[in-house]
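Residue-level structure breakdown
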Amino acid sequence: MGCKNGLELTSQRKDILFIERAIDLVKSSENEDDKTGLIAIVLPKGDLDEREKNYVRDHILENTKVLAVIALHEFSFIPFTSQKTSLLILKKMPVDEIPEDYDIYMAVSERPGKNKSGNLIYIKDDNGNIVLDEYQRPKLNTDLFDISQEFISKQPNIGYWVKRSELVDRLNAEFYHPKFIAIRDKVTKGDSIKLGELLHPDNGISNGIDISSISYDGKRHYSEDGLPYIRVGDVKENEIDLVGAEKIDPDDYDTSRFPELNLGDILITRKGTTGRAAVVSDDREKGSVISYEIILLKLKEQITLNEQEYQIDPFYVAAFINSFYGKQLILQKQTGGISQGINHPDLCEIEIPLIDQVTMDTLANKYKASNMQLKNSKREILEVPFDLVNQIG
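A short tour of the structure in this document, coming up.

A count of helices and strands for the chain gives ten helices and 20 strands. Expressed as a percentage of its 393 residues, the buried residues of the chain come to 44%. Considering only intrachain contacts with a sequence separation of at least 6, the fraction spanning at least 24 residues in the chain is 71%. Of the roughly 21,500 Å² that the chain leaves accessible, carbon and sulfur atoms contribute 50%.

This is how it looks when you write it as structure tokens:
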């Protein structure tokens, strides 16, 4: 894997070199049922889902039969790392002997047998005593034993089967979990449209700018007064919170490089707490600038689908993104290991349900009204202490 997208690489990550070397060194087997050619390897989740790692997945699929992909819990390797990882079980076979289609066992571990501090968690009986296994060892509270037995017996319960032909551009087990398939089926049972098709053709989607990339010394410089600089923590569900936002002096930065905000634009967090959405709804928010971890969406005012015209209210779209279904669809498409997030192409693939216009408008107006109530209540919270001081004199 010394080439990526046809270009020769001058360096390569250790994990990618390791999987390439493992495939090179293991003995190939023409018999699907024997144990020759088996590889078990733990890889960072990003190797299985990040777009720039497509060539890694292609190499795996072209040179091995993928028997299993098990998504490990983020606590699995704490306290050493919190990086999301997956266990792959592969079988090296002659390329022309690898079946065109076959079943892949996938599972997502939800009980790692550890807490977030890395301390082991054991199963306890009703009296609080630690349960012992058949070898008189403390029994860990993990589902990995059950997952391994499912894989061996080929009888999934926690896990599930995914056809090789059903793989898209990912190999991570989370993406193919049946719960996400069920949610997408619900969302698309009536009229629906991909978010990307709702975007304005000119600059419909963009990121903000990390001010360190345009400062004179490569550092972030804030000021007491100036333009609000909206970061991930400032975008909440249906709220752009400028009270705690940092400010930048427009004389210190070329603000023309930031994307322009307009009323009705939607801001979505790209990383951190991924997928929180809020609409730009007043002049102060419009006069702000956004960081690189914020995605800016500019929507068309109306679209036509199946000969039916729909007026698109940004508050309706934001409400869906912040809903349980919207959050789950974004969670499905998150990529990366340590710092997970969503990229533009995957965000554009999110399906937005289009119900009848009256109901869409009613929900949008309700969401807009709650946004205004929140703004007014926060304004009063800030004003009352000042009023009190003025009354006292």
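Back to the text.
A few words on the layout of surface pockets. Its volume calculated, the largest pocket comes out at about 680 Å³. Residue lining of the largest pocket: 30 residues in total, with E74, K84, L331, Q334 and Q340 positioned closest to the centre. Taken together, the elements giving at least two residues each to the lining of the largest pocket come down to α5 (178-187) and α8 (324-333). For the lining of the largest pocket, the element with the most residues is α8, which contributes five residues.

Here we come to the sheet that holds strand β4 (residues 64-71). The strand order across the open sheet built from five strands is β3-β5-β4-β6-β7, with neighbouring strands paired in mixed fashion. What marks the edges here is a single partner per strand, and that holds for β3 (38-44) and β7 (160-163). Across the sheet, the mean angle separating the axes of adjacent strands is 25 degrees when strand polarity is ignored. In the sheet, strand β6 (residues 103-108) pairs with β7 via four bridges, with the strands oriented antiparallel. Each residue of the ladder has a partner; that of I104, found in β7, is V162. Most of the contacts of helix α1 (residues 14-25) go to β3, to which it runs at about 175 degrees, and overall it touches β3, β4 and β5 (85-92).

Across the sheet, four strands lie side by side as β9-β17-β14-β15; this open sheet has antiparallel pairing. Single-partner strands in this sheet number two, and they are β9 (205-207) and β15 (277-279). Neighbour to neighbour, the strand axes of the sheet diverge by 25 degrees on average, direction disregarded. Inspection of the sheet shows β9 paired to strand β17 (residues 294-297) by three bridges, in the antiparallel sense. When the bridges of β17 are listed, N207 appears paired with I295. Here helix α7 (residues 314-322) sits on the sheet and contacts β14 (266-269) and β15; the angle it forms with β15, its principal contact strand, is near 165 degrees.

Here is what the cut-offs are and how they apply
Residues numbered from 1 in each chain as written. Predicted model: local features only at pLDDT ≥ 70, side-chain atom pairs only at ≥ 80, totals over all residues. Heavy atoms only, no water. Helix = DSSP H or I, 4+ residues; strand = E, 2+ residues; numbered from the N terminus. Buried < 20%, exposed > 50% of the residue type's maximum accessible area, 1.4 Å probe, protein only. Contact = heavy atoms within 4.5 Å. Areas by Shrake-Rupley, 256 points an atom, 1.4 Å probe, with all protein chains shown as cover. 1 Å grid on protein atoms, 1.4 Å probe; cavity = no way out; pocket = protein on both sides within 12 Å on 5 of 7 lines; lining within 4 Å. Points joined across faces, edges and corners; volume = space filled by probe spheres on them. Pairing = 2+ DSSP bridges. Axes fitted to C-alpha atoms, helices over the stretch in contact; angles between N-to-C directions.

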